[in-house]
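Survey of secondary and tertiary structure
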Amino acid sequence: MDLKPLCQRVADRLGVEPLDIKFEEMIDDSRLYIKEEYVAINKKFENDYVECAKAIAHEYRHIFQLFYVNIFNDERSERWKKELQGAVNSSNMDNTGSNYISQEIELDAFAFTKYYLEEFENIEVVNKIDKLDFYILEYIKRSKDIV
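Right, let's walk through the structure included here. Remember, it's a predicted structure, so these values are computed and weren't measured experimentally.

Calculation criteria
Residues numbered from 1 in each chain as written. Predicted model: local features only at pLDDT ≥ 70, side-chain atom pairs only at ≥ 80, totals over all residues. Heavy atoms only, no water. Phe/Tyr/Trp six-rings, centres within 6.5 Å; stacked < 30°, edge-to-face > 60°. Helix = DSSP H or I, 4+ residues; strand = E, 2+ residues; numbered from the N terminus. Buried < 20%, exposed > 50% of the residue type's maximum accessible area, 1.4 Å probe, protein only. Lys NZ or Arg CZ within 6 Å of the ring centre and 35° of its normal. Pairing = 2+ DSSP bridges. Salt bridge = Lys/Arg side-chain N within 4 Å of Asp/Glu carboxyl O. Patch = residues over 30% accessible without salt bridge, like charges linked within 9 Å, V, L, I, M, F, W, Y side chains within 5 Å. Areas by Shrake-Rupley, 256 points an atom, 1.4 Å probe, with all protein chains shown as cover. Contact = heavy atoms within 4.5 Å.

**Looking at the packing of aromatic side chains**
- One pass over the full model with this rule turns up eight aromatic pairs.
- With 5.6 Å between their ring centres and 20° between their planes, Phe 112 and Tyr 116 make a pair best called stacked. Taken together, the residues Phe 112 and Tyr 116, both in helix α5 (residues 104–120) and four residues apart, mark about one turn of the helix. Considered together, Phe 112 and Tyr 116 belong to a single accessibility category, that of buried residues.
- An aromatic cluster of three or more residues is present, and its members are Phe 64, Tyr 68, Phe 72 and Trp 80.
- Across from the ring centre of Tyr 38, 4.3 Å away, lies the NZ or CZ of Lys 22, which sits over that ring.

Given below as structure tokens:
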């Protein structure tokens, strides 16, 4: 399965450089390795284009967020900067994961993933987390200028 064309399209949409994709044994679905400059996707999705597309769009959005906070000086960049400095991930989230999913940077990444994949790649994105799609759709409505 060739993911490079998808990576290029997502990167072009966000104005970032595409990164290598590596499949790894991991607890998470995907993870961005900033210093190593690659996106890791859970090996169990190696033959699942839709899950890979979701992981790529989500992690590339985090790359965009990093650029955004360094380029812009607005309310959103200040909020994102603060969250990025103390980001919650699988290693420090609470039992329910609510402190992870309630971060704006995560909601933004989930919203971009849903918006981009449905609008430009014809891939339906339904999230497994209870009520997440409701919040994503509200975020997309309010943030249409940035997704």
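Now, onward.
**Focus on the pairing of strand β3 (residues 38–42)**
- Of all five residues that make up β3, five are buried, and the element is covered over most of its length.
- The alternating pattern of β3 places Tyr 38, Ala 40 and Asn 42 and Val 39 and Ile 41 on opposite faces, both of which are buried.
- Bridge analysis of strand β1 (residues 20–24) against β3 gives five bridges, and the strand direction is parallel. Looking across to β3, one finds that Phe 23 is bridged to Ile 41.
- Summarising the sheet, strand β2 (residues 30–33) and β3 pair through four bridges and their orientation is antiparallel. Bridge pairing in β3 places Leu 32 opposite Val 39.
- The turn joining β2 and β3, which pair antiparallel and follow one another in sequence, is formed by four residues; a positive phi near 60° is taken by Glu 37.

**Some thoughts on the pattern of salt bridges**
- Summed over all chains, the structure comprises ten salt bridges.
- In this structure, Glu 121 and Arg 9 form a salt bridge, with 2.8 Å as the shortest nitrogen-oxygen distance. Taken together, the positions of Glu 121 in the loop between α5 and α6 (132–142) and Arg 9 in helix α1 (residues 4–14) put the pair 112 residues apart, joining distant regions of the chain.
- A relative accessible area of 35% means that Arg 9 is categorised as partly exposed.
- With its nearest N and O atoms 2.2 Å apart, the salt bridge here joins Asp 28 to Arg 31.

**A few points about a nonpolar patch on the surface**
- A contiguous nonpolar surface patch, about 330 Å² in accessible area, is contributed by Phe 67, Ile 71 and Phe 72.
- With respect to the helices, strands and loops of the structure, Phe 67 is situated in helix α2 (residues 49–71).
- Judged by relative accessible area, which is 46%, Phe 67 ranks as partly exposed.

**Observations concerning the environment of Tyr 68**
- Relative to the assigned elements, Tyr 68 resides in helix α2.
- Taking the relative accessible area as the measure of exposure, Tyr 68 reaches 8% and is therefore buried.
- Taking the C-alpha atoms as reference points, Tyr 68 and Lys 81, 13 residues apart in sequence, are found 9.1 Å from one another.
- Excluding anything up to four places from it in sequence, Tyr 68 contacts Asp 74, Arg 76, Ser 77, Trp 80 and Ile 146.

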